[in-house]
Every structure is written in C-alpha cells, then in structure tokens.
Amino acid sequence: MQDLILQTKLQPPQIRGKILYRERLLSLLKKNLDKKLILICADAGYGKTTLLTQFCSKLDKLFMFYDLDATDNDIATFFNYLVEGIQRHYADFGQRTRTVILQTRNIEIIVGTFINEFIEKCSSVISDAKKESGDFYIILDDYHHLQQNKEIGNALDYLLRHLPHNLHLIISSRSTPPLNLAYYLAKQELFRLEKWHLQFTIKEIQELLNEIYGLKIPKTEIELIEKHSEGWITAIQLILQRISTSGEDKAKETLNGYIASGEEVFNYFAHEVFESQSKEIHNFLIKTSILAEMDKESCNYLLKIKDADRMLKNLESEHIFITKINNNFYRYHPLFREFLNNRLKISLSSRQINWLYQRAGQYF
C-alpha cells in the first residue's frame, strides 16, 4: 500500500509569483483554530488553495496537507493517504488502520480504528514545541473531486462526529461537502469562509497593485477593476498582468480593451467550469443567461420545465458562479453571464434565441 502513495500529493504548494498575503483572512482562520471543522468553499479561481498555502506557511502547529484529485475516489486510498500524512509526524501511527483497510470497507470500523489509533499513538506524544498543544490539523484541498463519493462523505461525517478534541479538519472545495453542516454550526464547531469572504476588496486590489505589481493607477481605474471582477482574483490578476505589460500610463486603455474582449476569462470558464458540467446543466446555464435575475418560477416558465428549484439549488451548492441575492432570486457573476451569452449565440440559432427572449418578455 505504501508504494502507491504519491508523495507530492502530501506537500503544500509553494508560494510563487505575485501573491498578496491575505492578512484579513489569515487572521480569521487563526481565530478559529479551535473549531472541529474549517470549511473554505467558493467558486473556481477565488484563491482557496493560495490561501491554504499561505496559512500552512504561517501555521505553528502540526498538520498534514492532502491535495485531492479524482484518483482519490476510494475509501482505502483516501485513508492510506491520511495515515501517510500523519506518519510524517508520528512514525508509530497507522499500522492497525492500514490492516483494517485491507480487511473491511465498514466505515465505522475503519474510522473507529483510525480515531483510536490517533488517540493512542499521537495524543500522548509530546516532544517538541509544535506538539505542546497536542492539536493536529488534517487539511484537505480540492474536496470537490470527491463530492459524489457517498462512502467517503459518510466516513468524514462519522469522523467529525467522533473527533478527538485535539484533531481538526480544514477542507477547501468548490462544492459544499455533503456533511451535516447545520449540526456543527449549531454546536459552534464549524467556521466557514465563503465566496464573499474571499472576494478582494478595493483596498486589497490597491495593495496588490502597489506592493506586488509595483503599479500606481488612478482610483477610478481600481474601482472599475473591482466592479468588473466583483473581487474575483483570477480576473483581477489577468487584468493586472495586461496592465503590467502595457504600462501604467496606458492602464485605462488596457482595462477597457480587456473588458471588451474577455478572451482569457472566457477560456478559463470554458476549461475550469463549463466543460465539466452535464448537458442538462449546459442547457440550463446558457438559456437562463438571458435573465439578469432569476427565480424558480421564471426559469420553469422560460424553459418549460418543473425542476428549476432543484437546478438552482444545485448550482448554488456547486458554486457555479451564481449568487443568491435574496430568499428567492439568483444572478450569475457578470463575467460568467457574459461567457454564457456568448455560448448561447454559438449553440442556438437566432430564431431560437429570439424565442427565448419573447418567452421571457411574456413572463415579466
């Protein structure tokens, strides 16, 4: 089993390139280290992994980092990586857990053995400054790759219910993990960072410009960047790279040209978000993109369907660049909506598009 472990999956990414330390968010994480679960959940490209990388570089407690991907969609593989990560700090840990993994797929037995062995082998060992508190953090990055795996989801839920007081989970994901989050929130055992936390403020965009890119541009341009991106760091960095290349004296022209084309952002949406969705989701996304705001009734009417409520809640849960603006209405991120509008023109004929607009007009 040990030979199957890819060691690089257990190494936190290195901090490279032009990165602004997110002191505002790092401070929030530090204040909530006592929680059983810290969940960082947001759409693609909002800087979740970068934030975790910064967090790991400053964390003065023991932790393991596990970079998840589609190859981890097996409970035996998943727990073998957890064992390997903990063994880097506690060499005697894991023998019993690995034996049980070979013998059964019973979640309670696997997780129960894992917990008992952690208490016996890890909780009582104190040999250096980082171990004095006894706290240990399991950091799972990109959990959305395991989103559909009910077995691992149930195992994590069982683990959370019975976590030793000094063991904590930190999970980042594009999708909301299928855990009983309301239970942990009610018991004050959960801290969540969401998209609106991760969005760059005007102050942070200014700091990124001045301190990291060495650029000084007028406040009106900074405000336009913030409005155009809605704090989405992927778009902000693409814009700043363009301005850095063309020069700050041409910032306004570069910014206007970038907003007009949108090519790089559209390519990002295509590869990172759109192509991985089902045909049903594709159809729903491109057709509802004609609506500035939408609710289940307007979507049901527009598309002649009956399950728009399910679709909207699914998009929200999966963090597909959609925001709930009140109890009933949603809207797409402006850049994502623009991308979808372009897809609509490619996918449907002018006659079909006109029909959609007419139907929307009849509803509103």
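Heads up: these notes are all about the structure in this document. The written sequence of each chain sets the order in which its residues are numbered from 1. In keeping with the predicted nature of the model, local features appear solely for residues at pLDDT of at least 70, side-chain atom pairs appear and are counted solely at 80 or more, and the whole-chain, interface and lining totals rest on all residues. Side-chain numbers here rest on the full set of heavy atoms in the structure, without hydrogens or water.

Describing the state of the cysteines
Quick reminder of the rule: Defined by distance alone, a disulfide is two cysteine sulfur atoms within 2.5 Å.
All chains considered together, the criterion is met by zero disulfides. With no disulfide of its own, Cys 41 lies 18 Å from the sulfur of Cys 56, the closest cysteine sulfur. No disulfide involves Cys 122; its sulfur sits 18 Å from the nearest other cysteine sulfur, which is in Cys 56.

What about the side chain of Glu 84?
Using the following cut-off: In DSSP terms, a helix is any run of H or I states spanning at least four residues, a strand is any run of E spanning at least two, and both are numbered starting from the N terminus. Exposure classes here rest on a 1.4 Å probe applied to the protein chains alone. A residue is buried below 20% of its type maximum, exposed above 50%, and partly exposed in between. In the analysis that follows, any N or O atom pair within 3.5 Å is treated as a polar contact, provided that within protein one partner can donate a hydrogen and the other can accept it, and provided that, for residues neighboring in sequence, both atoms belong to side chains.
Within the secondary structure, Glu 84 is located in helix H3 (residues 75-87). Looking at Glu 84, the relative accessible area reads 9%, which means it is buried. One polar contact links Glu 84 to Gln 7, side chain to side chain, over a distance of 3.3 Å.

Remarks on the environment of Ile 171
For the record, the criterion: Only heavy atoms matter for contacts: two residues are in contact if any of them lie within 4.5 Å across the pair.
Considering the arrangement of structural elements, one finds Ile 171 in strand S4 (residues 167-173). Overall, the relative accessible area of 0% leaves Ile 171 in the buried class. Setting aside residues no more than four positions away along its own chain, Ile 171 makes contact with Leu 37, Ile 38, Leu 39, Ile 40, Leu 140, Tyr 143, Leu 156, Pro 177 and Leu 179.

Observations regarding the pattern of salt bridges
We count it as follows: Each salt bridge in this description consists of a side-chain nitrogen of Lys or Arg and a carboxyl oxygen of Asp or Glu lying within 4 Å of one another.
With the rule as written, the count across this model stands at 18 salt bridges. Here Asp 43 makes a salt bridge to Lys 195, at a shortest N to O gap of 3.9 Å. Within this pair, whereas Asp 43 is found in the loop between strand S1 (37-41) and helix H2 (48-58), its partner Lys 195 is found in helix H8 (residues 195-198), the two being separated by 152 residues in sequence. One exposure class covers both Asp 43 and Lys 195, and it is buried. The partner of Glu 84 in a salt bridge is Arg 98, with the nearest N and O atoms 3.2 Å apart.

Looking at the packing of helix H10 (residues 219-229) against helix H11 (residues 233-246)
Short version of the rule: Simply put, an axis is a line fit to the C-alpha atoms, just over the touching stretch for a helix, and the angle between two N-to-C directions goes from 0 to 180 degrees. Under this scheme an angle from 65 to 115 degrees is roughly perpendicular, one under 35 degrees roughly parallel, and one over 145 degrees roughly antiparallel; angles in between are oblique. Left-handed describes a crossing in which the near helix is turned anticlockwise from the far one by less than a right angle; the clockwise case is right-handed.
One can describe the packing of H10 onto H11 by two numbers: an axis separation of 9 Å at closest approach and a directional angle of 140 degrees. Classified by the angle their axes make, H10 and H11 are oblique. By crossing handedness, the relation of H10 to H11 is classed as right-handed. Together, Ile 225, His 228 and Ser 229 of H10 and Ala 235, Ile 236, Ile 239, Leu 240 and Ile 243 of H11 make up the contact between the two elements.

What to know about the nonpolar core
Nonpolar side chains in soluble globular proteins generally cluster together in the buried interior. Let me state the cut-off plainly: To qualify as a nonpolar core, a set must consist of buried Ala, Val, Leu, Ile, Met, Phe, Trp, Tyr and Cys residues joined through side-chain atoms within 4.5 Å.
With 60 residues, the main nonpolar core has Trp 232, Phe 269, Phe 284, Leu 285, Tyr 332 and Phe 336 as its most contacted residues. The dominant element in this core, judged by the number of residues it contributes, is helix H13 (residues 263-274), at seven residues. Once residues within four sequence positions are removed from consideration, Trp 232 is found in contact with Ala 44, Gly 45, Tyr 46, Val 265, Tyr 268, Phe 269, Phe 321, His 333 and Leu 335. One finds Tyr 66, Val 111, Phe 136 and Tyr 184 within the second-largest nonpolar core, a separate group that totals 46 residues.

Observations regarding the pairing of strand S2 (residues 62-67)
Selection rule: Strand pairing follows a simple DSSP-based rule, namely that at least 2 bridges must link the two strands.
Among the six residues in S2, five count as buried, and that is most of the element. Inspection of the sheet shows S2 paired to strand S3 (residues 136-141) by six bridges, in the parallel sense. When the bridges of S3 are listed, Met 64 appears paired with Ile 138.

Remarks on the sheet that holds S4
Within the open sheet, the five strands sit side by side as S2-S3-S4-S1-S5. Their pairing is parallel. The outermost strands of the open sheet, each flanked by one partner alone, are S2 and strand S5 (190-194). Adjacent strand axes in the sheet meet at a mean angle of 15 degrees when their direction is disregarded. Taken together, the five bridges between S1 and S4 define a ladder with parallel strand orientation. Across the sheet, residue Ile 40 finds its bridge partner in S4, namely Ser 172. Packed onto the sheet, H3 meets S2 and S3 and runs at close to 145 degrees relative to S2. Strands S1, S3 and S4 of the sheet are contacted by helix H6 (residues 150-161), whose axis makes an angle of about 145 degrees with S4.

Let's talk about the packing of helix H1 (residues 23-31) against H2
Convention followed: Each residue receives one of three labels: charged for Asp, Glu, Lys and Arg, nonpolar for Ala, Val, Leu, Ile, Met, Phe, Trp, Tyr, Cys and Pro, and polar for the others, Gly being one of them.
Remark: H1 packs on H2, axes separated minimally by 10 Å, with the N-to-C direction vectors making an angle of 60 degrees. Classified by the interaxial angle, the pair formed by H1 and H2 is oblique. As H1 packs across H2, the resulting crossing turns out to be right-handed. Counting all contacts with H1, which are made through Glu 23, Leu 25, Leu 26 and Leu 29, the residues of H2 involved are Leu 51, Gln 54, Phe 55 and Lys 58. Residues of the contact of H1 with H2, tallied by class, amount to five nonpolar, one polar and two charged.

A word on unusual backbone geometry
Positive phi is not limited to glycine here, since Asp 142 has a value of about 65 degrees. Assignment of secondary structure puts Asp 142 in the loop between S3 and H6. Relative accessible area serves as the criterion here: at 18%, Asp 142 is assigned to the buried category. For Phe 321, which is not glycine, the phi torsion reads 50 degrees and is therefore positive. Of note, Phe 321 is situated in the loop between helix H16 (308-317) and strand S6 (322-324).

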